[in-house]
Amino acid sequence: MRDVVLMAVFAFLGAAAAGLLGALALRLVRGRSVAVSLAVVAAVAVTAMLTGTLAVAWAMFLSPHDLTVVTTVCAMAAVVSLATALLLGRWVVARSNALALAARSFGDGGSFAAPDGQATAELAALGRELAATSAKLAASRERERALESSRRELVAWISHDLRTPLAGLRAMSEALEDGVAPDPDRYLRRIRTEVERLNTMVGDLFELSRIHAGALSLAPTRISVYDLVGDALAGVDPLARELGVQLIGDRVDPVPVEVDGKEMTRVLGNLLVNAVRRTPADGTVAVSAERDADTVVLSVTDGCGGIPEEDLPRVFDTGWRGSDARTPPAGAGLGLAIVRGIVEAHDGQAAVRNVDGGCRFEVRLPAAVTS
């Protein structure tokens with residue numbers, strides 16, 4: 001029993017010495033290739049076995065022949081282990097280089113595709129994560145391109161819509177200043193109308209900038225959608241009478257919601273004004289509000305004749321105004337973008353779809369929790 005303990009002690013001491021040297025070597029090569037690290041690990045394992053074997057052999061006083069045999073066996077094991085470690089290291093390095101090359105492609109604006117062939121579990125997991133990240137980056141780039149296009153269109157449209165009333169205001173003011181205006185009172189009324197139009201456009205731009213900046217401050221209160229719809233209809237009724245459009249409450253249930261009354265009235269007002277302006281005279285604009293499971297659906301249906309299917313996904317984009325035939329004379333393409341921003345700030349959704357003879361705008365809001 002004592003001989004076994006001595007052999008274990010000598011083997012442990014020899015292996016420990018090799019292990020310490022190996023740890024030092026790994027520290028020195030920690031910034032090098034994984035192939036070098038694998039070679040060091042294999043060398044440490046073989047050296048630990050060799051030193052432990054030699055220590056035991058020396059303690060047991062083996063014959064020179066036996067010692068040579070043991071040493072030769074250990075040396076062959078060392079050669080095979082090192083060769084295997086180097087081959088494994090080269091394979092791992094090759095797979096890592098291929099993965100890095102594939103990752104560089106989507107970093108430069110392309111898409112990531114994992115390299116063909118087998119890989120370790122860790123490299124395969126990394127490849128899947130890179131593929132998911134590539135998909136997210138592609139979607140983000142697509143959104144950025146869409147937003148940039150929307151911004152360019154908005155700047156072009158706003159510039160045009162500002163230039164037209166400003167040119168008119170300048171011409172009318174010069175005519176009044178020179179005393180050549182045939183009807184000064186009519187010119188003054190026209191100037192006031194154009195100033196109100198500009199003021200509305202500036203207000204819409206300010207509201208949209210607050211929405212995009214996340215600075216829209218809401219003061220939710222419990223209110224019935226019946227009251228919301230009533231206030232919105234009262235505000236739009238004069239315009240509807242002027243244009244010969246009939247406003248009707250198709251179905252309005254007194255369902256409670258937790259919303260900012262002022263902002264939600266603006267949402268319904270924007271939808272109703274668009275609907276009235278785009279509905280021919282003697283047409284009808286219908287408003288409804290009903291509960292659907294745990295949400296409340298507010299809808300405005302007009303008689304505009306419908307929206308082209310290819311334009312439906314863009315209806316709520318900033319600056320979208322559709323074809324010239326559908327563009328209101330005082331619009332800047334901001335109303336529906338403001339609608340979507342306010343609705344989403346209330347954790348709701350805004351959507352549009354075509355119906356017979358027109359289109360239906362829907363605002364879906366969370367229903368108030370009943371006590």
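Remember, predicted model here, so these are calculated numbers, not experimental data.

Right, let's talk about the overall build of the protein chain for a bit. Tallying secondary structure elements over the protein chain gives eight helices and seven strands in all. Counting only residues that meet the buried cut, the protein chain has 35% of its 371 residues in that class. For the protein chain, the share of sequence-separated contacts (at least 6 apart) that also reach a separation of at least 24 residues comes to 71%. When the accessible area of the protein chain is evaluated, it comes to approximately 21800 Å², of which 60% is carbon and sulfur surface.

The full count for this structure, using the stated rule, is nine salt bridges. Residue Arg 364 pairs with Asp 292 through a salt bridge whose shortest N-O separation is 3.1 Å. Of the two residues, Arg 364 sits in strand β7 (residues 358–366) while Asp 292 sits in strand β4 (residues 284–292), which places them 72 residues apart along the sequence. By relative accessible area, which is 28% here, Arg 364 ends up partly exposed. Take Asp 292: its relative accessible area is 38%, and that puts it in the partly exposed class. Across the pair Glu 362 and Arg 353 runs a salt bridge whose closest N-O atoms are separated by 3.2 Å. Note on Glu 362: relative accessible area 17%, which makes it buried.

Right, let's get into the pairing of β7. One face of the sheet, then the other: side chains in a regular strand alternate in exactly this way. The element β7 is largely enclosed, with a buried count of seven among its nine residues. Sheet topology places strand β5 (residues 295–301) next to β7; seven bridges connect them, and they run antiparallel. When the bridges of β7 are listed, Leu 298 appears paired with Val 363. For strand β6 (residues 349–355) and β7, the ladder comprises seven bridges, and the chain directions are antiparallel. Note that in β7 the partner of Ala 350 across the bridge is Val 363. The turn joining β6 and β7, which pair antiparallel and follow one another in sequence, is formed by two residues; a positive phi near 85° is taken by Gly 357.

We now examine the state of the cysteines. According to the stated counting rule, one finds zero disulfides in the structure shown. Between Cys 304, a cysteine without a disulfide, and Cys 359, which holds the nearest cysteine sulfur, the sulfur-to-sulfur distance is 3.4 Å. Given the relative accessible area of 17%, Cys 304 is considered buried. Take Cys 359: its relative accessible area is 0%, and that puts it in the buried class.

A word on the nonpolar core. Ranked by internal contacts, the top residues of the largest apolar core, which has 48 residues, are Val 267, Leu 271, Leu 272, Val 285, Leu 298, Val 352 and Phe 361. When residues of this core are traced back to their parent elements, those giving at least two are α5 (184–212), α6 (225–243), β3 (256–259), α7 (261–278), β4, β5, α8 (335–345) and β7. Two domains share this core, each providing at least three of its residues, namely domain 2 (150–213) and domain 3 (221–366).

Procedures and definitions
Residues numbered from 1 in each chain as written. Predicted model: local features only at pLDDT ≥ 70, side-chain atom pairs only at ≥ 80, totals over all residues. Heavy atoms only, no water. Helix = DSSP H or I, 4+ residues; strand = E, 2+ residues; numbered from the N terminus. Buried < 20%, exposed > 50% of the residue type's maximum accessible area, 1.4 Å probe, protein only. Contact = heavy atoms within 4.5 Å. Areas by Shrake-Rupley, 256 points an atom, 1.4 Å probe, with all protein chains shown as cover. Salt bridge = Lys/Arg side-chain N within 4 Å of Asp/Glu carboxyl O. Pairing = 2+ DSSP bridges. Disulfide = S-S within 2.5 Å. Core = buried A, V, L, I, M, F, W, Y, C linked by side-chain atoms within 4.5 Å. Domains from an automatic or database assignment.

This is a description of form; function is not addressed.
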